Each structure stands twice: as C-alpha cells, then as structure tokens.
Amino acid sequence: MSSQEIVHCENLSVELGGVSVLSDLSFSVIEGDFLAIVGPNGGGKTTLLRVLLGLQKPSAGSVRVFGSEPGRHPGKVGYVPQRLFFDRDFPLCVSDAVLMGRIAMKTPFRHYNRADRQAVEESLRTVGLSSLANRRIGALSGGELQRVLLARALAGNPELLLLDEPTASIDPSMKTTIYDLLDHLRKRMTIVLVTHDTGMVSRFVSRVICLNCRMVLREPPAASAGGSVVEEAYPYQVDHLLHHAPGRPESGAIS
Amino acid sequence: MPGNLFAFEFLRNAVLASLLASLACGIIGSYVVVKKIGFISGGIAHTAFGGIGLGYYLGINPLLGVIPFSLGAAIAIGLLGRKAKVSEDTAIGAFWAVGMASGVILIGLTPGYAPNLFSYLFGNILTVPSLDLWMIALLDLVIVTLAWMFSKEFLVLSFDEEYAEVSGVKTTLFYLLLLSLIALTVVVLVRVVGIVLVIALLTIPAAIARLFSRSLGGMMLIASLLSALFSLAGLWLSYELDLASGATIIVLAGLAFLLVHAGRLVISRLRAR
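Structure report, in brief. The structure presented is a predicted model; accordingly, all values stated were derived computationally and were not measured.

Calculation rules
- Residues numbered from 1 in each chain as written.
- Chains lettered and ligands numbered in written order.
- Predicted model: local features only at pLDDT ≥ 70, side-chain atom pairs only at ≥ 80, totals over all residues.
- Helix = DSSP H or I, 4+ residues; strand = E, 2+ residues; numbered from the N terminus.
- Buried ≥ 20, exposed ≤ 12 C-beta atoms within 10 Å, placed from the backbone.
- Axes fitted to C-alpha atoms, helices over the stretch in contact; angles between N-to-C directions.
- Parallel < 35°, antiparallel > 145°, perpendicular 65-115°, else oblique.
- Left-handed = near helix turned anticlockwise from the far one by under 90°.
- Contact = placed C-beta atoms within 7 Å.
- Nonpolar A, V, L, I, M, F, W, Y, C, P; charged D, E, K, R; others polar.
- Pairing = 2+ DSSP bridges.

Observations regarding the overall build of chain A
Okay, so step 1: Tallying secondary structure elements over chain A gives 7 helices and 9 strands in all.
Okay, so step 2: Taken across its 255 residues, chain A has 42% of its residues classed as buried.

Here you go:
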C-alpha cells in the first residue's frame, strides 16, 4: 500500500473516572480512507474522536496522528463537533464563525486577511450557504448550523476531517445532502465519521468500525454476510449494513 | 452650562476619566458578557479591596496597591479553576471574601484615619487627581492594545473554547490573559464607580449593546458609547442633585437596562398580536 498512514492506534485504552470506555483498540486510517465509526450510545465513539483530537489522553496504548502525538498538527485536522452549545444572542455572523476555521494556520498577532476571507467564501459555497454569509449565527436552523460547522472545518483546508454525528440533529432529507457532500469531499481529504446512521453509512464509506468498548468489526461485511457482527456490537436491533453501490473502494488493508 | 462646568479642573478630570474608563469598559465588558464571566469579574474587583488596604498601609497611592492584587486574583482564580480542578465558583467566593478581609485588616493596622475609603468602595469621580488620570490613560492603552492584538484568539475562546483548543490555540494562556485584562479594567473603573459597583458597569452596557450588534466589534463600540453616556449623564445628575456620583451612574445604567428589556417585551407582545 503506497498510501500514507494518517492515524495509527495500537492497543489504545481509555478510562474515564475509573470506567473503561475504550479497551485495547488497534486500527489505522490510510490517506484517502472514508472511515465510519458506528456503535451504540456509550460505546466510546466520541471518546475515540476526542483522543484523535488530543482532547482526551489515552490511559494505555499509543496513538499517532500524522506521525505525532494527537493535537500536534492542528492545521491538518478539521473538526466538526456534534453540536455547538453557544449563546443564541452571540453577536457573530456566519462568515465570521467560519473564519475561525483559519485560526490554526495563523500565528498570534496576525489578523485575518484577504486569503482567509476567500477561503471562507469558498467553503461556504461548498456547503451551499453563501447566501447566509451575513446571517446572525443564532438565527440559523439546526441543519444550517451543522453545515456552518462543516464549512468552518473546511476553511482550514484540512487533510483529515473528523466528524462527530454530523446528522444527529437534522431531518432525513438534509442527511442525504450532508452525505453527498462528504462523498464529494472524500476526493480531497481523508474522512473519519462517527455516526448512528448504520443503514446510511454503508452506501458511502470505504470502511466501518463498530465500537462497543471493544472493536467488534473492522471490515465492511459483504452483503450476504449481513449484520450478525454488527448486532454483536449493538444491544438492540439495527439496520443491517449492506454494501451498496458497486465501484466504490471496497476496503483498505487494515493493520 | 457644560462650559462653566469644564472650567474646573476636577470636572475636566472627571469627564476625561469617564471617557477613558468607558473605552476599556466597552471592550472588556463585551468579553465578560459573551463569555459569561461576570462573577469572576466581581470576584477580582472585590479581592482588589485588599490592594487598597495595602496602599493605605504602605502610604502609597491605593490604585498602585490594587494592580498587583487584582492581577493576582485574576491569575489565581483562573489557575485554580483550570489546573487544580477547584470549581471556579468556590475560588471566586474564597478570593472575594479573603481579599476584602485582608483590606480591612491592613486598613486597621494603618495608624490614624483612612481618608477617602468610601470613594474607593463606591467611586467618586469628582476627586480624580491628574496623576490617577495618567495612570488610567496608560492602563487603557495597555488594555486596548492587547485586546486588539489578540482579538481573533479572544473571539474563538469566547465562542467555542473546545474548537480553540483543537485549533492549537493556547486556551488557558489566553483565558488568563483575558482575566488579567479584566483585572486592569477593574483598576481603571475603581475611580469611576468603586470596587463594589464595578461589576455593573462591566456588564450592563455590554449586555444592552449585545441586543443591537451583529459582531463583537460592533458590540464593543456600542457598549463603550453607552458606558460613556451613563457615566457622563450620571456625573451631571450627581453634580446637579448633589448625589453620590458612582451610585448615580450605576442606577442610571440599571434603569436603562430595565427599560430596554421592558421595551423589547412590549414590542414582541405587540408583534405577536
């Protein structure tokens, strides 16, 4: 495999307040991957993302992102949080919120310049929100806000895009829009997505990880193999993972 | 009328001090409001009373005593909250009371009578000596310069701290810097409204301004103008009616705050019909 390894986790374990949230997890993400992390609530999906972002220290094992400790290359990583808890009265317009996505590549003392503003315009165009650039951030709907968060991550031209449940709080038609957008973006960057949409993801992603503290499944199952392994991860009935759309990359090698 | 008023040096100083304080107040007050750190600011201000006691005890200008005390309180409360996992609420409560207590002890240890003590507690803008005016101007310059230099860091810190962290911004460092700027703003405002009333001038103008602004910069501008309006109107009223100037400024600001919110309520009721 000539592609570069972007994320490498080996025997990763995380404990939060004495409770094991992730245990003995090993996987890697290769350049160009579109990886989905699925699993039940409390399965450690968000924790894994926080580890990759450098917000949560692992209690054992090693994690490498772009060959270094997580958090060392903020300019290469774009992050789309699940939800943003902010004051609806915050005096901020959409384009200024997206401009924050450029901060990782600016040194202190330097103010945003024309190139930064252009990157913002471009990423707002990508997510289809150009017309709302001057709208107050508090006046947006849930789906619009989600796309603003995506635009903010894209404004920094990341090589790795990490998304935490980007479709959790929006209606089904908007979900498809977001996935179509990600399908388009995968040509430009590596994507790791945490999601509940077990049915939806298999249509788009190249690989799936099922997490319920331990990693249950690493490869996308063949359509015939069905969801038995996924059901092992979930304590309840789930949509089967069916691998649609021939012609998409089946899977990358897993370390 | 204002022409006569200006002939007196004390009135000229009072007006200049109000305007300088309003600038710092509008800028830093906006951060206090959007980041919801009003009570940390109150804690820093009250801890600063220890500095006034220190000033009396050492026989120096009490404002010089306030600077180290308020900066120390800002950094200690910030660090305890961030690093030592002490709840910020607890740290604020402890510093608030201990600062005031040490002020009382230091003033008690100072032989003789403590002149103007009341004016440091509740402000007396009509007694600002020229030396204090220069000090206020210098602090203003420091506050405005630092706030301008780090405006993008302070904005992301106020809006989405986790994202700031992920983007490689040194969030604890900038948070402590912001608290330090609040501490310096407290020093600037002590002469105008006094330690006890500082928190109102830091929050009310910015809180009103937020309702009418689309950007943080706009909010700072409106907050500065409102703060200047309240200070000058309060100054004039207190002069005309012989009232305590700091308290008059705060009561005016509070009335404006109530009126704006009552007005909004009435308008939204009328629209709903």
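Side note on the packing of helix α3 (residues 38-47) of chain B against helix α5 (residues 62-82) of chain B
Residue and element names in this part refer to chain B.
Okay, so step 1: Their axes nearest at 8 Å, the elements α3 and α5 cross at an angle of 140°. It follows from the interaxial angle that α3 and α5 lie oblique. Crossing of α3 over α5 shows right-handed handedness. The residues of α5 that touch α3, namely those facing I40, G43, I44 and T47, are F69, S70, A73, A74 and I77.
Okay, so step 2: Of the residues in the contact of α3 with α5, the class split is 6 nonpolar, 3 polar and no charged.

Some remarks on the sheet that holds strand β4 (residues 60-65) of chain A
All names here are of chain A.
Okay, so step 1: Here 3 strands make up an open sheet; going across it, the order is β2-β1-β4 and the pairing antiparallel. Unpaired on one side and paired on the other, β2 (19-30) and β4 mark the two borders of the sheet. The sheet shows a mean angle of 20° between the axes of neighbouring strands, direction not considered.
Okay, so step 2: Bridge analysis of strand β1 (residues 5-16) against β2 gives 8 bridges, and the strand direction is antiparallel. Each bridged residue has a counterpart across the sheet, and for V7 the counterpart in β2 is V29.

Concerning the interface of chain A and chain B
Okay, so step 1: At the interface, 23 residues of chain A touch 22 residues of chain B.
Okay, so step 2: Considered class by class, the residues forming the side of chain A that touches chain B number 17 nonpolar, 1 polar and 5 charged.

Topic: helix α1 (residues 45-53) of chain A
Okay, so step 1: Counting buried residues along α1 of chain A, 8 of its 9 residues qualify, which places the element largely inside the surrounding structure.
Okay, so step 2: Trailing α1 of chain A by a residue or two, G54 of chain A shows a phi angle of about 85°, which is positive.

So, the packing of helix α2 (residues 9-34) of chain B against helix α8 (residues 130-149) of chain B
All names here are of chain B.
Okay, so step 1: Following both chains from N to C, one finds α2 and α8 inclined at 20°, their axes separated by 10 Å at the closest point. Between α2 and α8, the crossing angle belongs to the class labelled roughly parallel. Helix-helix and strand crossings are classified by hand; for α2 and α8 the assignment is left-handed. Contact residues: N13, L16, A17, L20, A21, L23, A24, I27 and I28 in α2; S130, L133, I136, A137, D140, I143, V144 and A147 in α8.
Okay, so step 2: Counted by class, the contact of α2 with α8 contains 14 nonpolar, 2 polar and 1 charged residues.

Here we look at unusual backbone geometry
Okay, so step 1: Here N11 of chain A, not a glycine, exhibits a phi torsion of approximately 50°, which is positive.
Okay, so step 2: Turning to its location among the elements, N11 of chain A is positioned in strand β1.
Okay, so step 3: Of note, D242 of chain B is a non-glycine position whose phi angle comes to about 55°, a positive value.
Okay, so step 4: Mapped onto the secondary structure, D242 of chain B falls in the loop between α13 (216-241) and α14 (245-272).
Okay, so step 5: A tally of 7 C-beta atoms within 10 Å means that D242 of chain B is categorised as exposed.

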